[in-house]
Amino acid sequence: PDWPDDLARIIYIDGFGNAMTGLGAAGLDADCVLAVGERRLVRARTFAEVPPGTAFWYQNANGLAEIAVNRGRADQVLGLAPGDEVLVER
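What counts as what
- Residues numbered from 1 in each chain as written.
- Predicted model: local features only at pLDDT ≥ 70, side-chain atom pairs only at ≥ 80, totals over all residues.
- Heavy atoms only, no water.
- Helix = DSSP H or I, 4+ residues; strand = E, 2+ residues; numbered from the N terminus.
- Rg over C-alpha atoms; globule rule 2.2 N^0.38 Å.
- Buried < 20%, exposed > 50% of the residue type's maximum accessible area, 1.4 Å probe, protein only.
- Contact = heavy atoms within 4.5 Å.
- Areas by Shrake-Rupley, 256 points an atom, 1.4 Å probe, with all protein chains shown as cover.
- Lys, Arg positive; Asp, Glu negative; His and termini not counted.
- Charge placed at Lys NZ, Arg CZ, Asp CG, Glu CD.
- Salt bridge = Lys/Arg side-chain N within 4 Å of Asp/Glu carboxyl O.
- Pairing = 2+ DSSP bridges.
- Phe/Tyr/Trp six-rings, centres within 6.5 Å; stacked < 30°, edge-to-face > 60°.
- Polar contact = N/O pair within 3.5 Å; in protein donor to acceptor, adjacent residues only side chain to side chain.

Visitor: Help me get a handle on the overall build of the chain, residues and values and all.
Guide: Scanning the chain for helices and strands turns up one helix and seven strands. Reading the secondary structure of the chain in the N-to-C direction produces β-β-β-β-β-β-α-β. For a compact globule of 90 residues, the expected C-alpha radius of gyration is about 12 Å, and the chain comes in at 12 Å, within 12% of that figure. For the chain, the spread of C-alpha atoms along the three principal axes comes to 40 × 25 × 25 Å. Looking at the chain residue by residue over its 90 residues, the buried ones come to 41%. Pairs at least 24 apart in sequence give 52% of the contacts found in the chain among residues at least 6 apart. Total accessible area on the chain is roughly 5,400 Å²; 51% of this is exposed by carbon and sulfur atoms. Looking at charge distribution, the chain has the averaged site of its 8 positive side-chain charges lying 7 Å from that of its 13 negative ones.

Written out as structure tokens, the structure reads:
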């Protein structure tokens, strides 16, 4: 009962370096920007929608907003770790 509906933090880094947030993607507008550190990330539906090396966010299979880099590791490129804050810019 004390767990929030949305948690604006990185909650998990997968084996590919993608950073899962605790934010439900369905509650975020398609033009919503997520900010981590100094980087502002736009939404893409697939990795192919952005050029190689580009950071973005997408809705993962669990329905959460996940941060990725096309052909790269978001954790390394963006310096992300579990617990890092994610800001939502609407």
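Visitor: Go over the pattern of salt bridges, please, and point to the residues and values.
Guide: Per the stated rule, a full pass over the model turns up three salt bridges. Salt-bridge contacts for Glu89 lead to Arg40; the nearest nitrogen and oxygen are separated by 2.6 Å. Remark: Arg40 occurs in strand β4 (residues 39-41) and Glu89 occurs in strand β7 (residues 87-89); sequence separation between them is 49 residues.

Visitor: Any details on unusual backbone geometry? Residues and values, ideally.
Guide: The phi dihedral of Arg71 falls on the positive side, at around 60°, and the residue is not glycine. As for its position among the elements, Arg71 is in the loop between β6 (64-69) and α1 (74-77). We classify Arg71 as exposed; its relative accessible area is 75%.

Visitor: Go over the pairing of strand β5 (residues 55-59) with me, naming the residues and quoting the values.
Guide: In terms of residue burial, β5 counts as a mostly covered element, since four of its five residues are buried. Where β5 lies against β6, five bridges are found, and the strand directions are antiparallel. Across the sheet, the residue bridging to Gln59 is Ala65, located in β6. The hairpin formed by β5 and β6 contains four residues between the paired strands, and Gly63 there has a positive phi angle of roughly 85°.

Visitor: Go over the packing of aromatic side chains with me, naming the residues and quoting the values.
Guide: Counting across every chain of the model gives three aromatic pairs. Arranged with centres 5.9 Å apart and planes meeting at 40°, the rings of Phe56 and Tyr58 form a pair that is tilted. By the burial criterion, Phe56 is buried, and Tyr58 matches it. By the ring-pair criterion, three or more aromatic residues cluster together here, those being Phe47, Phe56 and Tyr58.

Visitor: Account for the side chain of Asp14, with residues named and values stated.
Guide: Inspection of the secondary structure assignment puts Asp14 in the loop between β1 (7-13) and β2 (19-24). Here Asp14 occupies a buried position and makes no salt bridge, while the nearest side chain of opposite charge, Arg73, is found at 6.3 Å. Only 2.9 Å separates the side chain of Asp14 from the backbone nitrogen of Phe16, close enough to count as a polar contact. In contact with Asp14, other than residues within four places in its own chain, are Glu66 and Arg73.

Limitation: the analysis is restricted to geometry and does not speak to function.
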